[in-house]
Amino acid sequence: MSLHSKEEFIKFYEDHSVKIRGLLFRLVGEAALKDLTQEVFMKAWMHRKKFRQESEASTWMYRIAYNCAVDYLRKESRKVSHGLPELMPDSLEQSVSMRQMVELGLANLDLEHKSVVVLFYLEDLSVKEVADTLGIPEGTVKSRLSHARDKMNKFLGGKGVPL
Amino acid sequence: MNDETLKELLKQNVSMVPEAAPSEAHRIWQHLEQTSSRRARWWLLAPATSILIVVLAVSQFSTKSEALKEEEYLFSQWSEMVREVDTDVYQDVFISKSSR
């Protein structure tokens, strides 16, 4: 690898890091963010010749990030849903801010639903791009979005959030 | 809640992603360089080790076959000598019997 490659890599990192770190942070949290960001960029850079121009580079990067997150969560056997919303006493609920409520609502979703919510609502990907990223049909993305929306509605409505 | 309302709610209230360290790209690049040099070493060492193993195996096999040949030669020499001695003994016995 030459010095020229280093400059290319820095540019590559700058182009994609915000989106990739955003997705990883929402899926795995802050603890593993640094390591997984490194893993994603190393994998992407080492296999960059395999990237076919059929899809956007960002979709390809999202896919690598999603797969790394899934592998990490599988290895850690960590539950994406922490069960906090159900365990929280009413008095505590009242003092929880809207921000925390939304975070809990997201944490209440399983990985499949959380990933479509993050990509569609927060990263502004289209249904087709989400489908390409996750390697699933568009119909599945739509049904997962609908299910996730219902679950979020139910959770936030149940906690007294005005919708 | 429709798509737009949910999107707005999420975007307004979701936690901010922590800032990356300014040197993160350089740090990842260093890891990439280390990994590639490790791989290069491996690609160099693996064929060299394989060749060494093959050479050792072949030389050991040829040493064994030479030892086998040597053993066969010694055995044939020994057999020949035993045959000659036996013949001499038979001849002596025959001569002594016939002289009587």
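Bear in mind that the values here come from a model prediction, so they are computed numbers and not experimental data. (Residues numbered from 1 in each chain as written. Chains lettered and ligands numbered in written order. Predicted model: local features only at pLDDT ≥ 70, side-chain atom pairs only at ≥ 80, totals over all residues. Heavy atoms only, no water.)

1. Topic: the overall build of chain A
- Per the secondary structure count, chain A includes nine helices and zero strands.
- Sequence-ordered secondary structure for chain A, helices as α and strands as β, is α-α-α-α-α-α-α-α-α.
- Across the 163 residues in chain A, those meeting the buried criterion constitute 51%.
- Taking the intrachain contacts of chain A between residues at least 6 apart in sequence as the baseline, contacts between residues at least 24 apart amount to 64%.
- Accessible surface, chain A as shown: approximately 8700 Å² in total, 50% of it carbon and sulfur. (Helix = DSSP H or I, 4+ residues; strand = E, 2+ residues; numbered from the N terminus. Buried < 20%, exposed > 50% of the residue type's maximum accessible area, 1.4 Å probe, protein only. Contact = heavy atoms within 4.5 Å. Areas by Shrake-Rupley, 256 points an atom, 1.4 Å probe, with all protein chains shown as cover.)

2. Quick look at the interface of chain B and chain A
- Each partner contributes residues to the interface: chain B has 29 residues there, and chain A has 35 residues.
- Regarding the contact of chain B and chain A, the summed buried area is about 3200 Å², with carbon and sulfur atoms giving 69% of it.
- Here chain B is connected to chain A by four salt bridges.
- Across the pair Arg149(A) and Asp3(B) runs a salt bridge whose closest N-O atoms are separated by 2.4 Å.
- Taken together, chain B and chain A are joined by eleven residue pairs in polar contact (both at pLDDT 80 or more).
- In terms of residue count, the dominant contributor to the side of chain B that touches chain A is helix 2 (residues 24–99) of chain B (twelve residues).
- Grouping the constituent residues of the side of chain B that touches chain A by class yields 13 nonpolar, eight polar and eight charged. (Buried area = accessible area lost by both parts, 1.4 Å probe. Salt bridge = Lys/Arg side-chain N within 4 Å of Asp/Glu carboxyl O. Polar contact = N/O pair within 3.5 Å; in protein donor to acceptor, adjacent residues only side chain to side chain. Nonpolar A, V, L, I, M, F, W, Y, C, P; charged D, E, K, R; others polar.)

3. So, the side chain of Ser115(A)
All names here are of chain A.
- Along the chain, the position of serine 115 falls in helix 7 (residues 111–122).
- Judged by relative accessible area, serine 115 falls into the buried class, the value being 0%.
- Polar side-chain contacts of serine 115 include one of 3.0 Å to the backbone oxygen of glutamate 112.
- Leave out the neighbours within four places in its chain, and serine 115 touches Leu27, Tyr66 and Leu134.

4. Some details on the confidence of the model for chain B
- Per-residue pLDDT for chain B has a mean of 86; in total, 99% of the residues score no lower than 70.
- Taken together, the chains of this predicted complex give a pTM of 0.69 and an interface ipTM of 0.72. (pLDDT = per-residue confidence, 0-100.)

5. Here's the deal with unusual backbone geometry
- Here Asp124(A), not a glycine, exhibits a phi torsion of approximately 60°, which is positive.
- Among the secondary structure elements, Asp124(A) is positioned in the loop between helix 7 and helix 8 (127–134).

6. Brief notes about a nonpolar patch on the surface
- A contiguous nonpolar patch, built from Phe75(B), Trp78(B), Met81(B), Val85(B), Val89(B) and Val93(B) and spanning about 590 Å² of accessible area, is present on the exposed surface.
- When you line up the elements, Trp78(B) lands in helix 2. (Patch = residues over 30% accessible without salt bridge, like charges linked within 9 Å, V, L, I, M, F, W, Y side chains within 5 Å.)

7. As for the pattern of salt bridges
- Applying the stated rule across the entire model yields nine salt bridges over all chains.
- A salt bridge links Lys11(A) to Asp15(A); the nearest nitrogen and oxygen atoms lie 3.0 Å apart. Here the residue Lys11(A) and the residue Asp15(A) both occupy positions in helix 1 (residues 3–28), the gap between them amounting to four residues, near one helical turn.
- Judged by its relative accessible area of 49%, Lys11(A) falls in the partly exposed class.
- Where Lys11(B) meets Asp124(A), a salt bridge forms, and the shortest distance between an N and an O atom there is 2.5 Å. Of this pair, Lys11(B) sits in helix 1 (residues 3–13) while Asp124(A) sits in the loop between helix 7 and helix 8, which puts the two residues in different chains.
- Residue Asp124(A) is classed as partly exposed on the basis of its relative accessible area, which comes to 41%.
- Ionic contacts of the salt-bridge type, sharing partners, join the residues Arg21(A), Glu24(B) and Arg27(B) into one network.

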